[in-house]
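Residue-level structure breakdown
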Amino acid sequence: MVFFTPSKSLFSGCLILGAGLLQAKAFENSRTDNLVVYYGQNSYNAANGGNGAQKSLATFCEDDTINVIPLAFLNNFHSTGGLPEFDMSSTCSSSGNPFPGTSLANCHSLADDIKTCQAKGKIITVSLGGATGDTSFSSNSQAEAFADTIWNLFLGGKSSTRPFGSAVLDGIDLDIETGTSAVGYAAFVNKIRSHAKGANKKYYVTAAPQCVFPDAHLTDVLNSVAFDAVYVQYNNYCGVQNYDNSNAWNFNVWDNWAKTKAVNKNVKIYIGAPASSTAAGSGYVSAATLGKIAKETRSKYSSFGGVMLWDASQAYENGHFDKQIKKAMGSGSNSRIQRRRL
C-alpha cells in the first residue's frame with residue numbers, strides 16, 4: 001500500500017473470498033465492528049532498521065480481536081514457470097524455498113497457523129498487489145486464466161504447488177496500486193465467483209482502494225462486479241488526520257457509492273488506517289481518536305463495516321494497537337445484510 005510507505009503497500013484493491021465457518025463466533029460480514037489486519041510484510045522491521053521480528057500468524061488469532069487477516073502480498077501475477085510470486089517478507093518468500101522451476105514460495109509451514117485461525121472464526125485471505133510488482137492483465141482471457149490459477153493455488157482447487165498446502169484460504173484481496181490499465185479485473189473476479197458457486201463453503205470479495213475518489217486503479221472493477229467489503233485507505237489529504245475537515249474527509253462519498261453505484265448495495269465500507277506512526281508517511285492517529293471516528297461514522301452511515309489496519313507487526317509493536325482500537329470502537333451490530341453467496 002502506498003498508504004504505508006515503509007514497506008510494500010497495502011491499501012488498494014481487495015478481494016476477499018471468506019468462508020462461512022461453522023465454528024462459534026464465525027466471521028459475520030454484516031457486522032459493524034469488524035477488524036481487518038494485514039499480515040506478512042513485517043513493515044515495522046523495515047521501518048525501524050530491522051529491530052522487530054514478526055510474530056507468528058497464530059499469535060494474532062488467540063482472541064476475538066481480529067476478524068479478517070489478509071496475507072500480503074502476491075505481488076507478481078506472471079513469473080517463472082507461468083506461476084505468480086508470493087512475498088511475505090521474512091515469513092515466507094521466493095528467496096527461501098520456492099517450488100522447483102518457479103518463483104512461487106513454498107509456505108507449507110504456515111498451513112497449521114492458517115487452520116488454527118480459521119477454527120477460531122477468522123477468515124484468512126491472500127492479498128494481490130501492493131505498491132510494487134506486475135499486477136496487470138493484457139486481456140480478459142488472460143485474467144480468467146489467472147483466476148483459474150489462483151483458485152487452484154490458494155482457494156478451492158487442486159495443485160501440486162499450493163503455497164499453503166492443504167490449507168484453503170477464505171478469499172482474495174486486491175490491492176492494486178500499479179499499472180495503467182483496468183483490463184481484466186472484472187473478468188478475474190467473475191471467474192473466481194464462477195468457481196465459488198459450487199464450493200462447499202462461503203467466499204467473499206473485497207477491495208482496498210485509496211480514499212481519493214474515484215480510485216485510480218480499481219474504479220472500473222468496483223463499479224462492475226459485486227464486492228462484500230471495501231477497505232478504504234484513509235491517507236493522502238482525505239486521511240483520518242483530516243477527519244474534522246469536511247473538504248477532505250470523504251466517507252460520505254464512499255457511502256453514497258455503496259448505495260448508488262455498487263453492484264452489491266449491501267457492501268460494507270471500512271476505515272483503513274496505519275497501526276503506528278512508522279506504518280505510514282501520514283495518517284496515524286491514536287486508538288482513542290480512531291475509535292471516536294469509527295463510532296461517529298457507524299452512527300451516520302449504514303455501510304460502515306469496521307476498521308482495517310496496516311499492519312500486524314506495527315500493531316503488535318505499538319502496544320497491541322489492534323486490541324486498543326477494537327476496544328475503542330466499541331461493539332457494533334449485525335446490520336441487516338443479505339450476504340451474497342458466490
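Residues numbered from 1 in each chain as written. Predicted model: local features only at pLDDT ≥ 70, side-chain atom pairs only at ≥ 80, totals over all residues. Heavy atoms only, no water.

1. Points about the overall build of the protein chain
Secondary structure assignment for the protein chain yields 9 helices and 8 strands. Against the 2.2 N^0.38 benchmark of 20 Å for 342 residues, the protein chain shows a C-alpha radius of gyration of 18 Å, consistent with a compact globule. Principal axes of the C-alpha set define a box for the protein chain whose edges measure 55 × 45 × 40 Å. For the protein chain, with 342 residues in total, the buried portion stands at 58%. In the protein chain, the proportion of contacts linking residues at least 24 apart, taken out of those at least 6 apart, comes to 77%. (Helix = DSSP H or I, 4+ residues; strand = E, 2+ residues; numbered from the N terminus. Rg over C-alpha atoms; globule rule 2.2 N^0.38 Å. Buried < 20%, exposed > 50% of the residue type's maximum accessible area, 1.4 Å probe, protein only. Contact = heavy atoms within 4.5 Å.)

2. Remarks on the state of the cysteines
The full count for this structure, using the stated rule, is 3 disulfides. In this model C61 forms its disulfide with C117; the gap between the sulfur atoms is 2.0 Å. Between C61 and C117, the S-S torsion sits near 95°, and that sign places the bridge as right-handed. Of the two residues, C61 sits in the loop between helix 1 (43–47) and strand 2 (68–74) while C117 sits in helix 2 (residues 111–119), which places them 56 residues apart along the sequence. Across the pair, C117 and C61 agree in class, each one buried. The disulfide that involves C92 links it to C107, with 2.0 Å between the sulfurs. One disulfide, between C92 and C107, carries an S-S torsion of -90° and so falls in the left-handed class. Here C92 is found in the loop between strand 2 and helix 2, whereas its partner C107 is found in the loop between strand 2 and helix 2, with 15 residues between them in sequence. Side by side, C92 and C107 carry an identical accessibility label, which is buried. Sequential numbering of the bridged cysteines in the protein chain gives the disulfide pattern 1-4, 2-3, 5-6. (Disulfide = S-S within 2.5 Å.)

3. Observations regarding the packing of aromatic side chains
The geometry of two aromatic rings is summed up by the distance between their centres and the angle between their planes. The tally for this structure, following the rule as stated, stands at 24 aromatic pairs. Centre to centre, the rings of W151 and Y203 are 5.4 Å apart; their planes meet at 55°, and the pair counts as tilted. Note that W151 is positioned in helix 3 (residues 140–154) and Y203 in the loop between helix 4 (185–196) and strand 5 (204–207), a separation of 52 residues in sequence. What makes Y203 buried here is its relative accessible area of 3%. Considering the side-chain rings of F251 and Y301, the 5.3 Å spacing of their centres and the 40° angle between planes classify their relative orientation as tilted. Of the two residues, F251 sits in helix 6 (residues 251–260) while Y301 sits in the loop between helix 7 (287–300) and strand 8 (304–310), which places them 50 residues apart along the sequence. Connected via pairs of aromatic rings, a cluster forms that spans Y234, Y243, W249, F251, Y301 and F304. (Phe/Tyr/Trp six-rings, centres within 6.5 Å; stacked < 30°, edge-to-face > 60°.)

4. Section: the nonpolar core
Grouped together as the largest cluster of nonpolar side chains are 87 residues, with contacts concentrated most on L71, F164 and F188. Of all the elements, helix 3 adds the most residues to this core, at 7 residues. The next biggest cluster of nonpolar side chains, apart from the first, holds 15 residues, and it includes V68, A72, Y270 and W310. (Core = buried A, V, L, I, M, F, W, Y, C linked by side-chain atoms within 4.5 Å.)

5. Observations regarding the pattern of salt bridges
Under the counting rule described, the total for this entry stands at 6 salt bridges. The residue R31 makes a salt bridge to D33 at a minimum N-O spacing of 2.8 Å. Residue class for R31 comes out partly exposed when judged on its relative accessible area of 21%. Here K292 makes a salt bridge to E296, at a shortest N to O gap of 3.0 Å. Residue K292 and its partner E296 are both found in helix 7; the two are separated by 4 residues, about one turn of the helix. (Salt bridge = Lys/Arg side-chain N within 4 Å of Asp/Glu carboxyl O.)

6. So, the environment of N76
Tracing the backbone shows N76 in the loop between strand 2 and helix 2. Looking at N76, the relative accessible area reads 16%, which means it is buried. Contacts of N76, omitting those with residues within four sequence positions, involve P84, E85 and D134.

7. Observations regarding the confidence of the model for the protein chain
With 91% of its residues at a pLDDT of 70 or more, the protein chain has an overall mean of 91. Long-range and interchain partners of residues 4–24, a stretch whose pLDDT sits below 50, account for 147 contacts in this model, where long-range means more than four residues apart. Throughout residues 337–342 the model reports pLDDT below 50, and contacts reaching past four residues in sequence, or to other chains, amount to 28 contacts. (pLDDT = per-residue confidence, 0-100.)

8. So, the side chain of D113
Within the element layout of this structure, D113 appears in helix 2. Among the polar contacts made by the side chain of D113, one reaches the main-chain amide nitrogen of L57 at a distance of 3.4 Å. At 3.2 Å, the side chain of D113 and the backbone nitrogen of A58 are in polar contact. Discounting chain neighbours no more than four positions away, the residues touching D113 are S56, L57 and A58. (Polar contact = N/O pair within 3.5 Å; in protein donor to acceptor, adjacent residues only side chain to side chain.)

9. Here we look at helix 9 (residues 321–328)
For helix 9, every residue scored as buried is listed here: F321, D322 and I325. Buried residues of helix 9 fall within an arc of 100° about the axis and therefore sit on the same side. The inward-facing, buried residues of helix 9 contact strand 1 (34–37), strand 7 (268–274), helix 7, strand 8 and helix 8 (312–317). With its phi angle positive at about 70°, G330 sits one or two positions after the end of helix 9. (Arc of directions from axis to C-beta.)

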